[in-house]
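Coordinate inspection notes
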Amino acid sequence: MTIDYRTKGVCSTRMVIDVEGDTVQSVKIFNGCDGNLQGISRLVEGMKVTDAISKLEGIRCGGKATSCPDQLAQALKQAVNA
């Protein structure tokens with residue numbers, strides 16, 4: 001399954017995530033802090049979707065109500081609900 005997610009409230013604008021079964025295969029994040037987003041992407045590759053969600057959901061960026069990691073968790077919820 002490929003998730004094409006438009007982010008809300010963060011610098012990144014789009015996330016394309018490939019999920020196979022219950023495992024994150026790849027993550028591509030467009031715009032935002034390139035080095036940090038590459039790091040997050042590589043860390044979650046090979047991780048179970050539910051584990052990634054539990055680690056990333058609720059992280060905030062500065063005074064924002066969300067963050068790129070939190071948006072990644074929101075996107076991954078689509079795989080759980082599919």
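Up top is the structure these notes are about.
The structure displayed is predicted, hence computed values, not measured ones.

So, how was this worked out
- Residues numbered from 1 in each chain as written.
- Predicted model: local features only at pLDDT ≥ 70, side-chain atom pairs only at ≥ 80, totals over all residues.
- Heavy atoms only, no water.
- Core = buried A, V, L, I, M, F, W, Y, C linked by side-chain atoms within 4.5 Å.
- Buried < 20%, exposed > 50% of the residue type's maximum accessible area, 1.4 Å probe, protein only.
- Helix = DSSP H or I, 4+ residues; strand = E, 2+ residues; numbered from the N terminus.
- Contact = heavy atoms within 4.5 Å.
- Pairing = 2+ DSSP bridges.
- Axes fitted to C-alpha atoms, helices over the stretch in contact; angles between N-to-C directions.
- Expected span 1.5 Å × (residues − 1).
- Polar contact = N/O pair within 3.5 Å; in protein donor to acceptor, adjacent residues only side chain to side chain.
- Lys, Arg positive; Asp, Glu negative; His and termini not counted.
- Salt bridge = Lys/Arg side-chain N within 4 Å of Asp/Glu carboxyl O.

**Overview of the nonpolar core**
Membership of the largest hydrophobic core comes to 22 residues, with the highest contact counts inside it found for I17, L72 and L76. Elements that contribute at least two residues to this core include exactly β1 (2–6), β2 (14–20), β3 (23–30), α1 (34–44), α2 (49–56) and α3 (68–81). For L76, the contacting residues outside a window of four places in its chain are I3, I17, V19, V24, V49, A52 and I53.

**Looking at the sheet that holds β1**
In spatial order, the strands read β1-β2-β3; together these three strands make up an open sheet with antiparallel pairing. In this open sheet, the two strands that pair with only one neighbour each are β1 and β3. Going from strand to strand, the sheet's axes swing by 15° on average, the running direction of each strand aside. With five bridges joining them, β1 and β2 adopt antiparallel strand pairing. Along β2, the bridge assignment pairs I3 with I17.

**A closer look at α3**
Helical periodicity: at 3.6 residues per turn, an α-helix aligns residues three or four positions apart in one direction. For α3, built from 14 residues, the straight-helix expectation of 20 Å at 1.5 Å per residue is met to within 8% by its first-to-last C-alpha distance of 20 Å. Three or more residues of α3 are buried, namely C68, P69, D70, Q71, L72, A73, A75, L76 and A79. Those residues of α3 that are buried lie in contact with β1, β2, β3, α1 and α2. With a side-chain oxygen positioned 3.1 Å from the backbone nitrogen of D70, the residue opening α3 is S67.

**A word on the environment of Q38**
By secondary structure assignment, the location of Q38 is in helix α1. Given the relative accessible area of 37%, Q38 is considered partly exposed. C-alpha separation for the pair Q38 and V27, spaced eleven residues apart in sequence, amounts to 8.6 Å.

**Points about the side chain of D70**
With respect to the helices and strands, the residue D70 is situated in helix α3. Here D70 is buried and forms no salt bridge, its nearest opposite-charge partner K77 lying at an N-O distance of 6.9 Å. For D70, the side chain forms a polar contact with the main-chain nitrogen of G58, separated by 2.7 Å. Among all residues touching D70, those that are not within four sequence positions of it are L56, E57, G58 and I59.

Any functional reading would require information that these geometric values do not contain.
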